[in-house]
Amino acid sequence: MTAVAAVVAGAPVFVDEIDERERRLRASNLASALPRPGTSEGRQLRRWLTQLAVAERVVAAQARGCEEATAPTEDELLPDTTARLEIGSVAASLLASASARAVFMRVTATVTVSDADVAAYHARNPLRFARAHEGGAHGWRGRPVTPAAAEVETAVREHLMAAARRREFRRWLDASCAELVDLAPGYEHPGDPRQPDNTHRH
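Residues numbered from 1 in each chain as written. Predicted model: local features only at pLDDT ≥ 70, side-chain atom pairs only at ≥ 80, totals over all residues. Heavy atoms only, no water.

So, the packing of aromatic side chains
Logical step 1: This structure, assessed with the given rule, holds two aromatic pairs.
Logical step 2: Here F104 and F169 contribute two aromatic rings whose centre-to-centre distance is 5.1 Å and whose plane-to-plane angle is 45°, an arrangement assigned as tilted. Here F104 is found in helix α6 (residues 98-107), whereas its partner F169 is found in helix α8 (residues 149-180), with 65 residues between them in sequence.
Logical step 3: Here F104 falls in the buried class, since its relative accessible area comes to 2%.
Logical step 4: Ring pairs connect the aromatic residues F104, F169 and W172, which therefore count as one cluster.
Logical step 5: Just above the ring of F129 sits the side chain of R128; from NZ or CZ to the centre is 4.7 Å. (Phe/Tyr/Trp six-rings, centres within 6.5 Å; stacked < 30°, edge-to-face > 60°. Helix = DSSP H or I, 4+ residues; strand = E, 2+ residues; numbered from the N terminus. Buried < 20%, exposed > 50% of the residue type's maximum accessible area, 1.4 Å probe, protein only. Lys NZ or Arg CZ within 6 Å of the ring centre and 35° of its normal.)

Pasting the structure below:
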């Protein structure tokens, strides 16, 4: 009987699939950065690959009817390292897929940012969207001009909306996985404090 790493909404994810994902990863140009198989870190890698496999199935179940053609690009949703850290490595990996980005847009369609949120953010970060003084020196010597709230309202709102959508997608994904996924022993979440390889070392 084929061993099962996880069950998603009643459907098994077989250990063979995790083995194959690991083989492909170790055959890629990332191989030199990966932990050795059989070590604590190697087992954590397999747990992460299992999280990715089950998350893909959770997202795929929501993809029906989503418009992939109109989905934003990966760079639009995850423009920098900070955005990738905010959303988490599994969710960031999912968003390489157009279907996952379409699900992202559906899941986050009702996210809003209030005028009060925009004003408060600008008050806390008055130079976040500042421009260099016209005619002044460029680079770090240039004195930034603190913009009026009305000048940067659109930029602030877009910035806050993007962050709020990432949080909502991450919240939805975590909640959906908690509801639909059962993980077998040895394939627990890498951060589960009950599994033996989740140790904190300095």
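Next comes the rest of the write-up.
Remarks on the pattern of salt bridges
Logical step 1: Going through the model one piece at a time under the given rule, you end up with 18 salt bridges.
Logical step 2: Residue R26 pairs with E22 through a salt bridge whose shortest N-O separation is 2.9 Å. A residue pair is termed a helical-turn pair when its members lie 3 or 4 positions apart in one helix, as R26 and E22 do in helix α1 (residues 15-26) at four residues.
Logical step 3: Judged by its relative accessible area of 10%, E22 falls in the buried class. (Salt bridge = Lys/Arg side-chain N within 4 Å of Asp/Glu carboxyl O.)

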